[in-house]
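Coordinate inspection notes
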Amino acid sequence: MGSDEAFFHYSVISYLLIGPPTYISCRYITAPYGKHHRKGWGPTVPPSLAWFLIESPTLWFTLLLFPLGQNSSNPKSLFLISPFILHYFHRTLIYPLRLHTKPSNGYPISVALIAFVYNLFNSYLQARWVSEYADYDTDNWFWWRFCGGLVVFLCGMVVNVRSDMELLRLKEGGGGYKIPRGGLFEYVSCANYFGEIVEWSGWWVMTGSWVGLGFLLYTCANLVPRARANHMWYLEKFGEDYPKKRKIVIPFVF
């Protein structure tokens, strides 16, 4: 086993192991940005800049690593990496441009740095799996799995993007936070998080890998506790006006 292969192997194991402690820490410590912004986490930067810097490794690091893989010119690997790039093209370059947040609600540099390092780690794993370690020659189910997973991924991305845009539209209207309505917000408080969980479920199906599963599990470990915190925040802020039957993040379930 070569040095990179060994590093990749142990990184995948680490990815699967960090999910539970991440969930526990996020359950009891809500990251201090957005509606949970609070002082005491050090200097901050504008949220638009923070999101651009946080998400940027998913583009530049992925595109740097991908050509180094033995399968980088294989059409299957090119098709497979495309949804990943599509999602993060939006998150890195389009979403930050839509942010118009008051300077007082900055994004802590300390939190941004942690997220930046995570995206470096995740980009390494996804890019190296797709371009180097995936076995396309013997994978007779690739196109079936890719097409099925892509449908799931794109459905999730539509929900994620539309929900994010609705939240931004409410902020742009002025007057502080409002109750989001319409679409899947009629069923859950965090439709944007639900969409992202669906996206990476589709990615797991497309890759058929432990790397894809690790990404999905870590996404859930990070977003589900925050979704719960958001739900409780809405209940506390809007009281009786907040829809009683609305779930947290999974329609009809949780």
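All of the points below concern the structure found in this document. From a predicted model like this one, the values you see are computed outputs, not experimental measurements.

**Focus on the overall build of the protein**
Per the secondary structure count, the protein includes 9 helices and 2 strands. Starting at the N terminus and walking to the C terminus, you meet the elements of the protein as α-α-β-α-α-α-β-α-α-α-α. By the burial criterion, 50% of the 254 residues in the protein qualify as buried. Considering only contacts in the protein between residues 6 or more positions apart, those separated by 24 or more positions represent 83%. Carbon and sulfur atoms make up 67% of the accessible area of the protein, which amounts to about 13,000 Å² in all.

**Re the pattern of salt bridges**
Scanning the entire structure with this criterion turns up 6 salt bridges. The residue aspartate 4 makes a salt bridge to arginine 128 at a minimum N-O spacing of 3.0 Å. Taken together, the residues aspartate 4 in helix α1 (residues 3–17) and arginine 128 in helix α6 (residues 109–133) connect sequence positions 124 residues apart. By sharing partners, the salt bridges in this structure join Glu55, Arg91 and Asp164 into a single network.

**What about α1?**
Between its terminal C-alpha atoms α1 stretches 21 Å, which fits the 21 Å expected from 15 residues at 1.5 Å a residue. Residues of α1 that are buried: Ala6, Phe8, Ser11, Val12 and Tyr15.

Reading the values: the criteria
Residues numbered from 1 in each chain as written. Predicted model: local features only at pLDDT ≥ 70, side-chain atom pairs only at ≥ 80, totals over all residues. Heavy atoms only, no water. Helix = DSSP H or I, 4+ residues; strand = E, 2+ residues; numbered from the N terminus. Buried < 20%, exposed > 50% of the residue type's maximum accessible area, 1.4 Å probe, protein only. Contact = heavy atoms within 4.5 Å. Areas by Shrake-Rupley, 256 points an atom, 1.4 Å probe, with all protein chains shown as cover. Salt bridge = Lys/Arg side-chain N within 4 Å of Asp/Glu carboxyl O. Expected span 1.5 Å × (residues − 1).

Nothing here speaks to function; it is geometry throughout.
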